[in-house]
Amino acid sequence: GCARDWDGLTCWPRATFGEVVKIPCPQFFEEFTSFLQRNCTQEEYWSEPFPPYTIACGFDEGSSKGPEDQKSYYSAFWRVYTAGYAASMTSLITALIVFAAFRKFHCTRNYIHMHLFVSFILRAVAVFTKDAVLFADETMDHCLMSTVACKAAVAFFQFSILANFFWLLIEGIYLQTLLLLTFVSNKKFVWWFIFTGWGAPTAVMFAWVLTRIHQQNTGCWDDDENGVVLWIIKGPILLTVLINFIIFINVIRILVHKLKSQEGGGSHSSHFVRLAKSTLLLIPLFGVHYIVFAFFPESTGLEARLYIELGLGSFQGFVVALLYCFSNAEVQTELKKQLCKWQYQEYLTFTHRHGALSRETSPVNYATQLSLLDKISPKRRASVLQDGVTTV
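Residue numbers run consecutively from 1 along every chain, following the written order of its sequence. Whole-chain, interface and lining totals are the exception, using all residues; otherwise, since this is a predicted model, local features are given only for residues with pLDDT of at least 70 and side-chain atom pairs are given and counted only at 80 or more. With hydrogens and water excluded, all non-hydrogen atoms of the structure serve as input to the side-chain values.

By the naming in an unreviewed UniProt entry, the protein chain is VIPR protein, taken from Rhadina sibilatrix. Looking at the protein chain in UniProt, the text filed under Subcellular location (unreviewed entry) is "Cell membrane". Per its UniProt entry, the protein chain bears the Sequence similarities (unreviewed entry) comment "Belongs to the G-protein coupled receptor 2 family." UniProt positions are given in the numbering used here, feature names are shortened, and annotations may be inferred rather than shown by experiment.

**Focus: the nonpolar core**
Phe117 and Trp208 are the most contacted members of the largest nonpolar core, which has 52 residues in total. To define a nonpolar core, start from buried Ala, Val, Leu, Ile, Met, Phe, Trp, Tyr and Cys residues and group those joined through side-chain atoms within 4.5 Å. The cut-offs for exposure are 20% and 50% of the maximum accessible area for each residue type, with area from a 1.4 Å probe on protein chains only; residues under the lower value are buried, those over the upper are exposed, and the others partly exposed. One finds Ala15, Val21, Leu36 and Cys40 within the second-largest nonpolar core, a separate group that totals 12 residues.

**Quick notes on the UniProt feature "transmembrane region" (unreviewed entry) in the protein chain**
In the numbering adopted here, UniProt assigns the feature "transmembrane region" (unreviewed entry) to residues 83–102, 114–136, 156–182, 189–211, 231–255, 275–296 and 308–327. Split by type, residues 189–211 is 100% helix and 0% strand. Its first and last C-alpha atoms lie 33 Å apart. Helix and strand definitions here come from DSSP, where helices need a minimum of 4 consecutive H or I residues and strands a minimum of 2 consecutive E residues; each element is numbered from the N-terminal end.

**Side note on the packing of helix H3 (residues 108–134) against helix H10 (residues 316–326)**
Axis lines are fitted to C-alpha atoms, over the contacting stretch for helices. Their N-to-C directions set the angle, which ranges from 0 to 180 degrees. In contact at an axis separation of 10 Å, H3 and H10 are set at 160° when each is read in the N-to-C sense. It follows from the interaxial angle that H3 and H10 lie roughly antiparallel. For the crossing formed where H3 meets H10, the hand is left-handed. Contacts from His113, Leu116, Phe117, Phe120 and Arg123 in H3 reach Gln316, Gly317, Val320, Ala321 and Tyr324 in H10. Orientation categories follow fixed angle ranges, with anything under 35 degrees roughly parallel, anything over 145 roughly antiparallel, 65 to 115 roughly perpendicular, and all other angles oblique. Crossing chirality is assigned from the near helix's rotation relative to the far helix, an anticlockwise turn below a right angle marking it left-handed and a clockwise turn marking it right-handed. Any two residues whose heavy atoms approach within 4.5 Å at even a single point are treated as in contact.

**Here we look at the state of the cysteines**
By definition, disulfides here are pairs of cysteine sulfur atoms that lie within 2.5 Å. Applying the stated rule across the entire model yields 2 disulfides. Two residues, Cys150 and Cys220, share a disulfide whose sulfurs are 2.0 Å apart. Taking the sign of the torsion about the S-S bond as the criterion, the disulfide between Cys150 and Cys220, at about -90°, is left-handed. Of the two residues, Cys150 is situated in helix H4 (residues 148–180) and Cys220 in the loop between helix H5 (186–215) and helix H6 (227–261); the sequence distance between them amounts to 70 residues. Each member of the pair, Cys150 together with Cys220, is buried.

**So, the packing of H3 against H4**
Where H3 contacts H4, the axes come no closer than 8 Å and their chain directions differ by 155°. Viewed along their axes, H3 and H4 adopt a mutual orientation that is roughly antiparallel. Regarding H3 and H4, the two cross each other, and that crossing is left-handed. Split by residue class, the contact of H3 with H4 holds 22 nonpolar, 7 polar and 4 charged. Gly is placed with the polar residues, together with every amino acid not listed as nonpolar (Ala, Val, Leu, Ile, Met, Phe, Trp, Tyr, Cys and Pro) or charged (Asp, Glu, Lys and Arg).

**Here we look at the side chain of Arg123**
Along the chain, Arg123 turns up in helix H3. On the accessibility criterion, Arg123 (8% relative accessible area) is buried. At 2.7 Å, the side chain of Arg123 forms a polar contact with the side chain of Asn164. The definition of a polar contact used here is a pair of N or O atoms within 3.5 Å, where within protein one atom must be able to donate a hydrogen and the other to accept one, and adjacent residues in sequence count solely through side-chain atom pairs.

**Describing the environment of Tyr324**
Residue position: Tyr324 is located in helix H10. Relative accessible area serves as the criterion here: at 2%, Tyr324 is assigned to the buried category. With 211 residues separating them along the chain, Tyr324 and His113 place their C-alpha atoms 7.3 Å apart.

**Some thoughts on the packing of aromatic side chains**
Between two aromatic rings, the relevant description is the distance of the centres plus the angle of the planes. Any two rings among Phe, Tyr and Trp, with Trp reduced to its six-membered ring, count as a pair given centres within 6.5 Å; such a pair is stacked if its planes are under 30 degrees apart, edge-to-face if over 60, and tilted if neither. Enumeration according to the criterion identifies 12 aromatic pairs in this entry. Their ring planes at 5° and their centres at 5.8 Å tell us that Phe99 and Phe117 sit as a pair that is stacked. Of this pair, Phe99 sits in helix H2 (residues 67–101) while Phe117 sits in helix H3; the two residues are 18 residues apart in sequence, bridging distant segments of the chain. Each of the two residues, Phe99 as well as Phe117, counts as buried. One aromatic cluster is present, formed by Phe99, Phe102, Phe105, Phe117 and Tyr324 through successive ring pairs.

And the structure:
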């Protein structure tokens, strides 16, 4: 028969002599209703796909992009999201260092922010790792590739996505908790948040890996998944998106009510406004927009998904660091104080060194050093003794 074959776009399964294999168009294209066919010929070679990709997958030379144009189109997206994740990772690591270095920022709110930062960093690292393992070699046969390394890279990628969504949810829950409760036991809540933010994705991934191994242990685990395997990952993500959307609506309602009741309340009211402002910018930006595609098939609005999830999504971490850290007035004030402190220390060090150097090169100091050397010189002592003896 014919062996499994990777034609650069689709993986064709093994077939016996004379068998006709029928598969849907790959997700590389926007049209998913048509099918491709190949025949295992008498010479045990695969025939050319029929109908051709240009006809079966919803495009032709006059109305849409050919395979090479599509490849160039997605390569441009690869450059965009690579730059986005690189910028996000750099800014997030810097923000983590700032929050960890200054004791003033060690509080529950910033601890949660730091865990969110870590989830975004893991997401960027997972994307780079997956690309390096799966797509570094363009000649790689994706039909035959099924190594532990590539499966681990895909599993790590799925875990980072889950963890990121759960920590976005925890940010929303924590904001709502602050707005609803006057007194919050920080230690009590923070450990529950940490347990949920990392424990829930770990449990989901454990179930997904076991299901993959026993039900669909094919390729690098990056192929199309059946219903059960797909919803183990997609279900919790959709749940977090839906809950975050509900929290967003409820937080707006609470804020409007509090701001109306606390008019003229001064600092207490401004505290809620300042705290809510940064988080409210994140909830619609990183949660609510997923509602648009959450309950539609993967093939719906593929190009719009690329712009949102790959284009804008890759810069999520950068915007998070900007809102939570670099644009925060307290952080800016503390950084300015530290900068002034460093400048003052440099000034003191410079003046100390300059003063020491001036004393060493002073004529008075030079004469003093000569007199001291003259007093303790052995030759000087011997001549004095001789003069004394001669005098006697």
